[in-house]
Amino acid sequence: MGTAREERLAAAFIDLADILSDDFDIMEFLHRLADHAVALLDLADCGAMLLSAQGQVVDATATSEAARRLELAQIEMEQGPCWDCVQTGVRTVDTVLDSATARQKWPRFAPLALARGFAEIVALPMRLRGQTVGALNFSHTHARLLSAADLRLGQALADAAAIAILTQRSLLDQRLLAEQLQTALDSRVVIEQAKGVLATRAGISLDAAFDRMRRHARHRRQRLTELALHVIEDPAEHLTGPLS
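Residues numbered from 1 in each chain as written. Predicted model: local features only at pLDDT ≥ 70, side-chain atom pairs only at ≥ 80, totals over all residues. Heavy atoms only, no water.

(A) Molecular detail of the pairing of strand S1 (residues 45-51). Most of S1 sits inside the fold, with 7 of its 7 residues counted as buried. Every second residue of S1 is oriented toward a common face, with Asp45, Gly47, Met49 and Leu51 on one face and Cys46, Ala48 and Leu50 on the other, all of them buried. Note: S1 against strand S4 (residues 131-140), 6 bridges, orientation antiparallel. In the sheet register, methionine 49 faces S4, and the bridge partner there is alanine 135. For S1 and strand S2 (residues 57-62), the ladder comprises 5 bridges, and the chain directions are antiparallel. What sits directly across from leucine 51, in S2, is valine 57. (Buried < 20%, exposed > 50% of the residue type's maximum accessible area, 1.4 Å probe, protein only. Helix = DSSP H or I, 4+ residues; strand = E, 2+ residues; numbered from the N terminus. Pairing = 2+ DSSP bridges.)

(B) Main features of the environment of cysteine 82. Position of cysteine 82 among the secondary structure elements: in helix H4 (residues 81-88). Taking C-alpha positions, cysteine 82 is 8.8 Å from glycine 134, a pair spaced 52 residues apart along the chain. Once you skip the residues sitting within four places of it in the chain, cysteine 82 turns out to touch Met49, Gln74, Ala123, Ala135, Leu136 and Asn137. (Contact = heavy atoms within 4.5 Å.)

(C) Broad picture of unusual backbone geometry. Phi at glutamate 78 takes a positive value of approximately 60°, unusual for a residue other than glycine. Relative to the helices and strands, glutamate 78 resides in the loop between helix H3 (65-77) and H4. One non-glycine residue, arginine 129, adopts positive backbone phi at about 50°. With respect to the helices and strands, arginine 129 occurs in the loop between strand S3 (120-128) and S4. Looking at arginine 129, the relative accessible area reads 79%, which means it is exposed.

Here's what the structure looks like:
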């Protein structure tokens, strides 16, 4: 690993540690982690699924609309590399989607992913001491096996997410865990609604709308969910200006 990459890696973990505060936001943490994974591992996309204490699987984040729809497809079909990883806590690697193995394991999902331009997906568990809280989903648009070093780095990011999530949960009373997950779900819904509203108003893509919202929220040191509500409620808000 070269010096430049080591510096990017250090900067990534410093950035992630910066939002581990009393006002910790799971969704924003996962958004940032996914962005860092794409940059550090030269991925097409990265997404994350969360697993509730009750066993409910939730699509938490994705770096593009295409990746998000692929995560939703896995949840709806109950099959796919990330789905398997969340259920078993075991990583799924080195499986090219256009292969007999992939088509046999995921007969509905593999053809769908291929049709949408994805060639390979690697899934790594977010787990700590045997407890799995979700999985990271690394997507490629061409068959490209990750090196052992890249897999170690990817797992380190997944482990960091598990530590952050379980540390926060441990600070909450058990009766608040369901509320915590519901808050994450509600945030996801609001953010998706705001993306659609902003994309329509500004005449841009959903991915561009999401990027604009995130940069605007970070610049203002504002929670993404709070900004999303503002976008929905204010009919004139395009988030225009120097950040657009």
